[in-house]
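Per-entry structural report
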Amino acid sequence: MHLSTLFNIISLAALAVVGGAYAQDDGPGFITKCKTPGQVALTFDDGPSEFTPKLLGYLAAAKVPATFFVLGVSINQDGGKEALKAAFDAGHQIALHSNTHADMNKLSPEGVKSEYTINLKAVQDTIGVSPAMARPPFGNCNAACAKVLEGEMGLTIIQWNCDSNDWQYDGKLADQPKLFTNMANIINPSNPQTDSFITLQHDIKGYSVEYVPKVIDMIKGKGYTFVTVEDCLGKSIPAYVGGASAPASDPAPAPAPGPDAAPAPDAQSSPAPAAYPPASSAPTTAAYAEAPSPSVVPNSADKFAPIVGLKLICLIFGYLMY
């Protein structure tokens, strides 16, 4: 066997084992993109947090709507209710993301229902509406989970097709610009005449929030229009139970960020934002980011498939034996 052939096989196997094959759970009713080409729905998970007010300021300055998939525990932390109400009042869509960011595939049906029932009540008590859309943490929602969320609770499951993977860069200042690159590598080769996107970032990540103006300018530069997830679906599914729609897609100005907040950077005329410095005391919601742990698969897209790499390794050994 030629050495070049062996090298190619080894390289492919290494990529499969190290990089893995990532996928969200899918289902007949799961949503990953907009119905209409040329639309992009910005979505932010795990908040509200101390960084949400600054994000609202950036979105208001750009006149861009967004959809927030919120956690019950985040709503109930200090300042959470105020930040959630500010997002809703500014015209952004609010949706569910569970109570504690648990992996739904590891819970019983009763556990799944409890997570979203508590989450729903926290939202209802704060803004007076009942979201009709939900996102499972880590994108994990198997058939049993979907039966609860879709079948019993009447929720539409929203996934994504443009992931910043921002959660990977906590404490890694030099790597934080990669969250923008991850999105640009998907958006820049795309065509607004045929493509549409639901993005994923986290408003509990200060450095991710700082990149939002640059992300917006990059997406606008490709000719896309920003919409809420409700508008992304052509309003075929209302944002809230009872037929209430999300506010108009030109959000009202948000309350100004705190006195220490910097104005939104001009991403087209200035260099990329500096990496966000690590806070001396991280927000309490940081524990609910898409971070790897012994009980969580190591990617926000969530499932690693090493079997391909293992098969290729077996193939290598077969060639060597031959």
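Coordinates for the structure precede this section.
Conventions and cut-offs
Residues numbered from 1 in each chain as written. Predicted model: local features only at pLDDT ≥ 70, side-chain atom pairs only at ≥ 80, totals over all residues. Heavy atoms only, no water. Salt bridge = Lys/Arg side-chain N within 4 Å of Asp/Glu carboxyl O. Helix = DSSP H or I, 4+ residues; strand = E, 2+ residues; numbered from the N terminus. Buried < 20%, exposed > 50% of the residue type's maximum accessible area, 1.4 Å probe, protein only. Axes fitted to C-alpha atoms, helices over the stretch in contact; angles between N-to-C directions. Parallel < 35°, antiparallel > 145°, perpendicular 65-115°, else oblique. Contact = heavy atoms within 4.5 Å. Nonpolar A, V, L, I, M, F, W, Y, C, P; charged D, E, K, R; others polar. Disulfide = S-S within 2.5 Å. Core = buried A, V, L, I, M, F, W, Y, C linked by side-chain atoms within 4.5 Å. Phe/Tyr/Trp six-rings, centres within 6.5 Å; stacked < 30°, edge-to-face > 60°. Lys NZ or Arg CZ within 6 Å of the ring centre and 35° of its normal.

This part takes up the pattern of salt bridges. Taken as a whole and judged by the stated rule, the model has nine salt bridges. Between aspartate 125 and lysine 121 there is a salt bridge, with the nearest N and O atoms lying 2.7 Å from each other. Residue aspartate 125 and its partner lysine 121 are both found in helix H5 (residues 109-127); the two are separated by four residues, about one turn of the helix. Judged by its relative accessible area of 53%, aspartate 125 is exposed. Lysine 121 sits in the partly exposed class, given a relative accessible area of 48%. Among the ionic pairs, aspartate 231 bridges to lysine 235, the shortest N-O distance being 2.9 Å. Exposure remark for lysine 235: the relative accessible area of 43% places this residue in the partly exposed category.

Looking now at unusual backbone geometry. Geometrically, the link from glycine 47 to proline 48 is a cis peptide bond, its omega value of 0 degrees lying close to zero. On the secondary structure map, proline 48 appears in the loop between strand S2 (43-45) and helix H2 (52-62). Positioned with a positive phi, lysine 63 is a non-glycine residue whose angle comes to about 55 degrees. In this fold, lysine 63 is placed in the loop between H2 and strand S3 (67-70). Using a relative accessible area of 58% as the deciding quantity, one classes lysine 63 as exposed. Unusually for a residue other than glycine, serine 98 sits at a positive phi of about 90 degrees. By the secondary structure assignment, serine 98 is in the loop between strand S4 (93-96) and H5. According to the relative accessible area criterion, serine 98 is buried, its value standing at 0%.

Between helix H7 (residues 178-187) and helix H9 (residues 212-221), the least distance of the axes is 11 Å, while the angle of their chain directions is 10 degrees. Here H9 runs roughly parallel to H7, going by the angle between their axes. Residue-level contacts link Phe180, Met183, Ala184 and Ile187 of H7 to Lys214, Val215, Met218 and Ile219 of H9. The residue inventory of the contact of H7 with H9, partitioned by class, reads seven nonpolar, no polar and one charged.

What follows deals with the state of the cysteines. Within this structure, the stated rule accounts for two disulfides. The disulfide partner of cysteine 141 is cysteine 145, and the S-S distance across this bridge is 2.1 Å. Because the sign of the S-S torsion sets the handedness, a value of about -95 degrees for the bond joining cysteine 141 and cysteine 145 places this disulfide among the left-handed ones. Both residues of the pair, cysteine 141 and cysteine 145, count as buried.

The next point concerns the side chain of glutamate 115. Relative to the helices and strands, glutamate 115 resides in helix H5. Glutamate 115 has contacts with Ser98, Asn99, Thr100, His101, Ala102, Met104 and Leu107, leaving out every residue within four places of it along the chain.

Counting residues in each nonpolar core, the largest one holds 58 residues, and the members touching the most others are Leu42, Leu59, Phe68, Ile94 and Ile219. Looking at which element gives the most residues to this core, the answer is H5, with six residues. Counting residues in hydrophobic clusters, the runner-up holds 14 residues, among them Ile31, Ala95, Trp160 and Val227.

Now for the packing of helix H4 (residues 80-89) against H5. Helix packing for two helices is described by the angle between their axes and how far apart those axes are. Two elements in contact, H4 and H5, have axes separated by 9 Å at closest approach and are oriented at 70 degrees. Looking at the two axes, H4 sits roughly perpendicular to H5. Residues Lys81, Leu84, Lys85 and Phe88 of H4 form the contact with H5, whose own contacting residues are Val123, Thr126 and Ile127. A per-class count over the contact of H4 with H5 returns four nonpolar, one polar and two charged.

Another aspect to go through is the packing of aromatic side chains. Applying the stated criterion across every chain, the model contains four aromatic pairs. Between phenylalanine 88 and tyrosine 240, the ring centres sit 5.9 Å apart and the planes meet at 80 degrees, which makes this aromatic pair edge-to-face. Linking phenylalanine 88 in helix H4 with tyrosine 240 in the loop between helix H10 (229-232) and helix H11 (307-321), this pair joins segments that are 152 residues apart in sequence. Residue placement shows arginine 135 over the ring face of phenylalanine 69; its charged tip is 4.1 Å from the ring centre. When the ring centre of phenylalanine 180 is taken as reference, the NZ or CZ atom of lysine 214 above it lies at 3.3 Å.

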